[in-house]
Amino acid sequence: MAFRCQRDSYAREFTTTVVSCRPAELQTEGSNGKKDVLSGFHVVLEDTLLFPEGGGQPDDHGTINDISVLRVTRRGAQADHFTQTPLAPGTKVQVRVDWERRFDHMQQHSGQHLITAVADQLFGWKTTSWELGRVRSVIELDSPSVTAEQVVAIEQSVNEKIRARLPVNVRELSLDDPEVEQVRGRGLPDDHVGPVRVVTIESVDANMCCGTHVSNLSDLQVIKILGIEKGKKNKTNLAFLAGNRVLKWMERSHGSEKALTTLLKCGAEDHVEAVKKLQNSTKLLQKNNLNLLRDLAVHVAHSLRNSPDWGGVVTLHRKEGDSEFMNIIANEIGSEETLLFLTVGDEKGAGLFLLAGPTEAVETLGPRVAEVLEGKGAGKKGRFQGKATRMSRRAEVQALLQDYISTQSAEE
């Protein structure tokens, strides 16, 4: 038996009866990336308006008596609705579907059937899998390569068929019906029960499918193929949008275009060239800045080396700089018996540090310096460098290094 959502994908609410309700748990993606486990109930209804995930299509969202349904999964001929509130068996309930999500899934799924059929008709490519994603959908084609011209041909053909307003029909066939053998499909699930559901796009395609679909291709509005990507071995992934997703994509693109027009002070047709010029200017500035920074590092190194305060512990902090800047200074100075503590970045925030000097001293002090600065680092051959989060504690590091030098001098 097909569910109500499969018999009438356009239905938005209906009344049915609770059959059973049992305790259950649901794993969800937490805000920190870890799995959260929710306690609740699996509610089974006599029939359901909410599609249980399957066939590459995610489940519907909706409510039962205004109680949110967080997940719908198929279990044989039944659908389990996960809720966090129990519902008593025998209770008459009102089921409502999140129509925006449902219609979006109908558009993407019917769009996938259409693209799959056209790709097969035009180029003999079979669809080996597909994914209805949150932002875009992806079809895996059994072809090692797809050209830009072939993508254009597929897109033109599918949109011609949308404009032709071809009907989409859903039929149910018994398993022993000879017509089942003529229908495209990748096989039935092991726990399949009841008749075989066949979705037919008139004069284009017939396919075994459990999902929700539009009744006419005109409801797809338009299909936009975003491009192709290399898939698994000898496969190509084709990404696409259908229906309202195309309109939302165009709205985002238009917003970006308007913002760029304001920032770049030129028309949309000149955006690419304007960005290229900015990139070239930035590269030149970065190169000049790097050369100046290197020259400055050499100058700073010589100034430190010739300073009357040279010896023991030498420290230097600059807001601007990088690891290369500090290493050039260390190279120019050399290690000898002096401990050189260099830092760059925000004086009271995060930055980079480098400790250079006698190998044994650096091996001992390096991890302790990182600890004081609440950072991480590594080192070898008389240098220890890394990232720090508390540059405000540089004075503590300097005291640590001075104590070490004083202790070494006293022991000698």
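The structure displayed is predicted, hence computed values, not measured ones.

**Student:** Outline the packing of aromatic side chains, supporting the account with residue identities and numerical values.
**Tutor:** Scanning all chains against the criterion turns up four aromatic pairs. Ring centres 6.2 Å apart and planes at 40° place the aromatic pair Tyr-10 and Trp-99 in the tilted group. Of this pair, Tyr-10 sits in the loop between α1 (4-7) and β1 (13-29) while Trp-99 sits in helix α2 (residues 99-123), and the two are 89 residues apart along the sequence. On the numbers, 5.5 Å between centres and 20° between planes, the contact of Trp-99 with Phe-103 is stacked. Of this pair, Trp-99 and Phe-103 both sit in helix α2, four residues apart, roughly one helical turn. Like Phe-103, Trp-99 is buried. Of the aromatic side chains, those joined through ring pairs into one cluster are Tyr-10, Trp-99 and Phe-103.

**Student:** Explain the domain arrangement of the chain to me, and be specific about the residues and the numbers.
**Tutor:** Examined at the domain level, the chain breaks down into domain 1 (4-97), domain 2 (103-252) and domain 3 (288-409). Just the C-alpha atoms count here: the centres of domain 1 and domain 3 sit 61 Å apart.

**Student:** Which residues make up the nonpolar core, and what values do they have?
**Tutor:** Core analysis: the largest hydrophobic core is formed by 32 residues, its most contacted members being Leu-114, Ile-115, Ile-154, Leu-217, Ile-223 and Phe-240. Residue assignment for this core shows that the elements contributing at least two residues are α2, β8 (127-132), β9 (137-141), α3 (148-163), β11 (196-201), β13 (223-230) and β14 (236-242). Here this core gets eight residues from one element, more than from any other, and that element is α2. Excluding anything up to four places from it in sequence, Phe-240 contacts Gln-108, Gly-111, Gln-112, Ile-115, Trp-130, Arg-136, Ser-137, Val-138, Ile-139, Lys-224, Ile-225 and Leu-226. Counting 20 residues, the second-largest nonpolar core is a separate cluster that includes Val-313, Val-362, Val-372 and Val-397.

**Student:** Please give an account of the pairing of strand β7 (residues 92-97) that cites residues and values.
**Tutor:** Residues of β7 alternate between two faces, with Val-93, Val-95 and Val-97 buried on one and Lys-92, Gln-94 and Arg-96 left unburied on the opposite face. Where β1 lies against β7, five bridges are found, and the strand directions are antiparallel. Bridge pairing in β7 places Glu-13 opposite Arg-96. Both strand β3 (residues 62-64) and β7 contribute to a ladder of three bridges, which runs antiparallel. Bridging across to β7, Gly-62 finds its partner in Val-97.

**Student:** Please set out the sheet that holds strand β10 (residues 168-173) residue by residue, giving values where relevant.
**Tutor:** The antiparallel open sheet is built from three strands, whose spatial order is β10-β11-β12. Among the strands making up the open sheet, the edge pair consists of β10 and β12 (205-208). The average angle at which neighbouring strand axes cross in this sheet is 25°, direction not considered. The pairing of β11 with β12 spans four bridges and is classified as antiparallel. Along β12, the bridge assignment pairs Val-199 with Asn-207.

**Student:** Which residues make up the environment of Leu-401, and what values do they have?
**Tutor:** Here Leu-401 lies in helix α8 (residues 394-411). A relative accessible area of 0% means that Leu-401 is categorised as buried. In the structure, Leu-401 is positioned 32 residues away from Val-369 in sequence and 8.8 Å away in space, judged by C-alpha atoms. Other than its neighbours up to four places away in sequence, Leu-401 contacts Val-313, Leu-339, Phe-341, Leu-355, Leu-365 and Val-369.

What counts and what doesn't
Residues numbered from 1 in each chain as written. Predicted model: local features only at pLDDT ≥ 70, side-chain atom pairs only at ≥ 80, totals over all residues. Heavy atoms only, no water. Phe/Tyr/Trp six-rings, centres within 6.5 Å; stacked < 30°, edge-to-face > 60°. Helix = DSSP H or I, 4+ residues; strand = E, 2+ residues; numbered from the N terminus. Buried < 20%, exposed > 50% of the residue type's maximum accessible area, 1.4 Å probe, protein only. Domains from an automatic or database assignment. Core = buried A, V, L, I, M, F, W, Y, C linked by side-chain atoms within 4.5 Å. Contact = heavy atoms within 4.5 Å. Pairing = 2+ DSSP bridges. Axes fitted to C-alpha atoms, helices over the stretch in contact; angles between N-to-C directions.

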